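Here is what each chain is made of, one letter per residue.
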Amino acid sequence: METKQTTVELEAALSPEEKKALHQIEKGEVIDDTRFQPTYQKAKDDKVARTIFKVLTYVFLAFFAFIILAPFIFMISMSLTDPTSYNKAATEGTVSLITTSPSTVNFGVILGGINPGSAAFNALPAELRSTITRGAVNFTPYFLNTIIVAVISTAFTVVTTVMTSFAFARLDFKGKNTLFAILLATMMVPGEMMIITNYQTTIGLGWENSFMALIFVHGVSVFYIFQLRQTFQQIPNELFLASKVDGYGEFHYLWRVMIPLGMPTIVTITILNVMGSWNAYIWPQLIANGDNLTLYNWGIEWTMKLVSNGLMSLFTSDYGSFDTVKIAGSMIISAPLLVVFIFFRKYIMRGVSRSGIKG
Amino acid sequence: MIKINYFKRDTEKPADLQAGGNSPRPMSIKQSVSIPIWVKVLISLAPAMVFLIFFTFYPIINTSIIAFIENFGWQKNAGSFAISNFFQQIANANDPLLLEPPAMPYFSLDNFGLVLTDPIFLDSLFNTAILTVISVPLTIIVSLMLSVALNSIKAFRGFFQTIFFLPYVTNAIALGMVFNVLFSPEPGGIMNQIIQLFGGSPVSWVDPAAHELYDVIKLSKFSMGVVLIAQSVWAGLAFKILVFMSGLATIDKQYYDAAKIDGTGRARIFSKITVPLLSPQIFYITITSFIGAFKMYSSIISIVGQGPLNFGGTSGTLWITVVGYIYKNRQTDLPKAAAGAVILLIIVLLITLVQMQVSKKRVHY
């Protein structure tokens, strides 16, 4: 619309020769006024170049989108491939990105739903059958453990983060800035330094193979405190003064003003912490790789492994040589976060871009 | 007229008010519960600080002390405190009743010397540096190009952005295992099929034993490096694109309009407008990804598999990283692991310092 209007305005200011040339352009004829030909040609070339460039941009993006998507497509298709036909395809060199023999048997193996003697069991390759007879896998406890840890540790992290950020942003006390600088400095320290000592401390506390070790040892995050303090500090001071005039104290102000205004950041922290719990590997692998001690003493065997550790132990066990089962394990563990992502896409992407570093 | 400083704590009311003087009060103020400020600070800081002191501050100091004790080992019933373990170890070493007394510990710098001359550590340092130097710039360049391309289109932008973000929300161990199978050693594996399509011969990418089973090229540092770098670039794009996109959104369109009027070419617009105005994001991404790449660990073991300490090859140290070295020594030679962790901290600090210096000259703002 805008261009058309400009054209009309321009036309009024044109000389007769120029008007003629414009008329010729509109009709698609060759302009006989020599003065216009280079510009006209240039504009035409530019338009072609722009179109080519746009097409190239889309090709470039589509190419990389395919590269990003390919492992996911492969993961879905592979987890739904029948193990017997996959073995055949691997030796014959006919493995494809999309499966040709769909089956859900791999998920049955992963969730311990394939019992020896059943028809589904008998259809499996002989090696996989003997591996299952020696010891079945079951991912269900890993999921339950991870959900328990994610929920409690996120609640704990959010409460401690809010309280600490509030103190640093709103309260005045001696040595506040020094303390905050020290906190920030610890973000530079590699986690391995903490883990070496924390492992021994945790064992000394009797927290080995317990939820305590998974929830509380790394439950306070300086990074989240830093993020939330930044948000809290942006809240105008006038709001605090107003609530002060109304006779409310700091804690009331925190509850009524700071937390509602800081909600986007708190949601971000929640999302990041849930994702972090779901992906946690190193610390759980060291401290909670066996059965829960309390339950064990009661005569119940309950593994303390989280999803990532369960997946890695599947990989390093005898099951590691069965690609379809392995990928089904990856699939079942990635799926919950991917589903959550599909529903909260905007929230998660906004949150991550606002915050920064992963884990 | 009374002056009330509302910044001050509630108990510090003007003297005449406290003394019950009959000065008029500004409207009716609802009395708040006057908790002293230090109690408020204590209540809000204590929960986090207790955990930070026990599981962050104390371990940093304690692990640093361990790095300076030769022959250090955890002693039974001595807790995790380095000094108490030190004395317990001396007592145990002198105990004639013990069948296998521990070695005598002493304070020295030897651990650092041992680590820095350990061929496995030097190897791990080299590996980590190679991975970092190749994968970080590659990821940043590709993600920058993708972000600029994304920013220049309107249709399908959200669609592409969502796809590029997927690796970020996927479990890292699961992704490593998918790459392990994509690069499976059988000639029929996906990558080997692609290689053969272009006339190459199949490679045993990450499996140290597969060349005995199949007719494939034996695993090498190069083949495994290709997989590790491919995975880290692939997985690293998501976050960087997101940060660059949010940076591009803040650039004022006027700059581009001005350049358009002047007839500036695309390459020039990119190098003279986009990159300089995006330099804070580029700086932030560079520094975090250099540090992140130097801490690479789980992504590697999830690709190679065969045990949590396997880094490929028959010796299991083909692509060992600095963090991998620390975990490898954590149980067998603790002071070496501690010294390795301190060295890693120094490397991280050095990277940060160098980047800070560079940024002073290069980052606009």
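Residues numbered from 1 in each chain as written. Chains lettered and ligands numbered in written order. Predicted model: local features only at pLDDT ≥ 70, side-chain atom pairs only at ≥ 80, totals over all residues. Heavy atoms only, no water.

1. Topic: the overall build of chain A
Per the secondary structure count, chain A includes 20 helices and 0 strands. Relative to the globule expectation of 21 Å for 359 residues, the C-alpha radius of gyration of chain A, 31 Å, shows a markedly less compact shape. For chain A, with 359 residues in total, the buried portion stands at 47%. Taking the intrachain contacts of chain A between residues at least 6 apart in sequence as the baseline, contacts between residues at least 24 apart amount to 68%. (Helix = DSSP H or I, 4+ residues; strand = E, 2+ residues; numbered from the N terminus. Rg over C-alpha atoms; globule rule 2.2 N^0.38 Å. Buried < 20%, exposed > 50% of the residue type's maximum accessible area, 1.4 Å probe, protein only. Contact = heavy atoms within 4.5 Å.)

2. Side note on the domain arrangement of chain B
When the parts of a complex come together, some accessible area is lost, and that lost area is often taken as the interface size. Residue and element names in this part refer to chain B. Segmentation of chain B into domains returns domain 1 (53-112) and domain 2 (114-362). The straight-line distance from the C-alpha centre of domain 1 to that of domain 2 is 37 Å. Every contact between the two is made by 12 residues of domain 1 and, on the other side, 9 residues of domain 2. Around 870 Å² of area is buried between domain 1 and domain 2 when both sides are counted, 73% of it from carbon and sulfur atoms. Put simply, domain 1 and domain 2 have 0 salt bridges between them. Here domain 1 is connected to domain 2 by 6 residue pairs in polar contact (both at pLDDT 80 or more). (Domains from an automatic or database assignment. Buried area = accessible area lost by both parts, 1.4 Å probe. Salt bridge = Lys/Arg side-chain N within 4 Å of Asp/Glu carboxyl O. Polar contact = N/O pair within 3.5 Å; in protein donor to acceptor, adjacent residues only side chain to side chain.)

3. Structural notes on the nonpolar core
Core analysis: the largest hydrophobic core is formed by 195 residues, its most contacted members being F139(A), F164(B) and F165(B). Considering each element in turn, this core owes the most residues, 15 residues, to helix α10 (residues 221-249) of chain B. Two domains share this core, each providing at least three of its residues, namely domain 1 (53-112) and domain 2 (114-362) of chain B. Every residue in contact with F164(B), bar those within four places of it in the chain, is listed here: L61(A), F64(A), A65(A), I68(A), L146(B), L150(B), A238(B) and I241(B). (Core = buried A, V, L, I, M, F, W, Y, C linked by side-chain atoms within 4.5 Å.)

4. Brief notes about the interface of chain A and chain B
Of the residues lining the interface, 99 residues belong to chain A; the matching set on chain B comes to 104 residues. Buried surface at the junction of chain A and chain B, summed over both partners, amounts to about 8,900 Å²; 77% is from carbon and sulfur atoms. Counting the contacts that link chain A with chain B gives 1 salt bridge. A salt bridge links E250(A) to K40(B), with the shortest nitrogen-to-oxygen separation between them at 2.2 Å. Scanning the region where chain A abuts chain B turns up 15 residue pairs in polar contact (both at pLDDT 80 or more). Ranked by residue count, the leading element in the side of chain A that touches chain B is helix α3 (residues 37-79) of chain A, at 18 residues. Taken together, the residues that form the side of chain A that touches chain B break down as 65 nonpolar, 23 polar and 11 charged. (Nonpolar A, V, L, I, M, F, W, Y, C, P; charged D, E, K, R; others polar.)

5. Considering a nonpolar patch on the surface
Residues and elements named next belong to chain A. On the surface, V339, V340, F343, F344 and Y347 cluster together into a nonpolar patch covering about 520 Å² of accessible area. Top contributing element to the nonpolar patch by residue count: helix α19 (residues 323-343), with 3 residues. By the element assignment, F344 lies in the loop between α19 and α20 (345-355). We classify F344 as partly exposed; its relative accessible area is 46%. (Patch = residues over 30% accessible without salt bridge, like charges linked within 9 Å, V, L, I, M, F, W, Y side chains within 5 Å. Areas by Shrake-Rupley, 256 points an atom, 1.4 Å probe, with all protein chains shown as cover.)

6. Examining the pattern of salt bridges
All names here are of chain A. One pass over the structure, following the stated rule, counts 6 salt bridges over all chains. The partner of D323 in a salt bridge is K326, and the shortest N-O contact between them spans 3.3 Å. Here D323 and its partner K326 are both found in helix α19, 3 residues apart, which amounts to about one turn of the helix.

7. Looking at the packing of aromatic side chains
One pair of aromatic rings is described through two measures. These are the centre distance and the angle between the planes. Applying the stated rule across the entire model yields 34 aromatic pairs over all chains. Taking 5.1 Å as the distance between ring centres and 55° as the angle between the ring planes, the aromatic pair formed by F68(B) and F112(B) counts as tilted. Taken together, the positions of F68(B) in the loop between α2 (37-67) and β1 (69-70) and F112(B) in helix α4 (residues 110-117) put the pair 44 residues apart, joining distant regions of the chain. A residue is classified by how much of its surface remains accessible, and F112(B), at 13% relative accessible area, is buried. Considering the side-chain rings of Y297(B) and F311(B), the 6.1 Å spacing of their centres and the 50° angle between planes classify their relative orientation as tilted. With Y297(B) in the loop between α13 (279-294) and α14 (298-304) and F311(B) in the loop between α14 and α15 (322-330), this pair connects stretches of sequence that are 14 residues apart. Like F311(B), Y297(B) is buried. Through successive ring pairs, a cluster of aromatic residues spans F156(A), W207(A), F216(A), F51(B), F54(B) and F55(B). Sitting over the face of the ring of F180(A), R229(A) holds its NZ or CZ atom 3.9 Å from the ring centroid. Directly above the aromatic system of F53(A) lies the positively charged group of R266(B), at a separation of 3.8 Å from the ring centroid. (Phe/Tyr/Trp six-rings, centres within 6.5 Å; stacked < 30°, edge-to-face > 60°. Lys NZ or Arg CZ within 6 Å of the ring centre and 35° of its normal.)

8. Some words on the packing of helix α5 (residues 119-152) of chain B against α10(B)
Helix-helix packing is characterised by the crossing angle of the two axes and by the distance between the axes. Residue and element names in this part refer to chain B. Running from amino to carboxyl end, α5 crosses α10 at an angle of 40°, the nearest separation of the two axes being 6 Å. As judged from the angle between their axes, α5 and α10 are oblique. Handedness of the α5/α10 crossing: right-handed. (Axes fitted to C-alpha atoms, helices over the stretch in contact; angles between N-to-C directions. Parallel < 35°, antiparallel > 145°, perpendicular 65-115°, else oblique. Left-handed = near helix turned anticlockwise from the far one by under 90°.)

9. Regarding the confidence of the model for chain B
All names here are of chain B. Summing up the model confidence of chain B, the mean pLDDT is 86 and the portion of residues at 70 or higher is 89%. Across chain B, α5 holds the top mean pLDDT of 94, while helix α1 (residues 15-18) sits lowest at 47. Confidence over residues 1-21 falls short of pLDDT 50; this stretch has 30 contacts with residues more than four positions distant or in other chains. With pTM at 0.84, the complex prediction returns an ipTM value of 0.84. (pLDDT = per-residue confidence, 0-100.)

10. Thoughts on the environment of A259(B)
Residues and elements named next belong to chain B. Within the secondary structure layout, A259 lies in helix α11 (residues 253-261). The spacing of A259 and I35 is 224 residues in sequence and 60 Å in space, taken between C-alpha atoms. Not counting chain neighbours up to four residues away, the residues in contact with A259 comprise T264, I269 and I273.

11. Digging into the packing of helix α10 (residues 191-204) of chain A against α2(B)
Packing of α10(A) against α2(B) brings their axes to within 7 Å, and their N-to-C directions diverge by 105°. Classified by the angle their axes make, α10(A) and α2(B) are roughly perpendicular. Here M193(A), M194(A), I196(A), T197(A), N198(A) and T201(A) of α10(A) come into contact with α2(B), specifically with F54(B), F55(B), T56(B), Y58(B), P59(B), I60(B), N62(B), T63(B), S64(B) and I66(B). Of the residues that constitute the contact of α10(A) with α2(B), the class distribution is 9 nonpolar, 7 polar and no charged.

12. Some thoughts on a positive patch on the surface
On the surface, K47(A), R50(A), K54(A), K154(B), K260(B) and R266(B) cluster together into a patch of positive charge. With 3 residues, the single largest contributor to the positive patch is α3(A). (Lys, Arg positive; Asp, Glu negative; His and termini not counted. Charge placed at Lys NZ, Arg CZ, Asp CG, Glu CD.)

13. Let's talk about α4(B)
Of the residues making up α4(B), those classed as buried are N111(B), F112(B) and V115(B). Down the axis of α4(B), the sector holding all buried residues measures 95°, keeping them to one side. (Arc of directions from axis to C-beta.)

14. Description of helix α15 (residues 263-279) of chain A
With 17 residues, α15(A) should cover 24 Å at 1.5 Å per step; its first-to-last C-alpha distance of 24 Å lies within 8% of that length. Those residues of α15(A) that fall on the buried side of the exposure criterion are T265(A), I266(A), T268(A), I269(A), I271(A), L272(A), N273(A), M275(A), S277(A), W278(A) and N279(A). (Expected span 1.5 Å × (residues − 1).)

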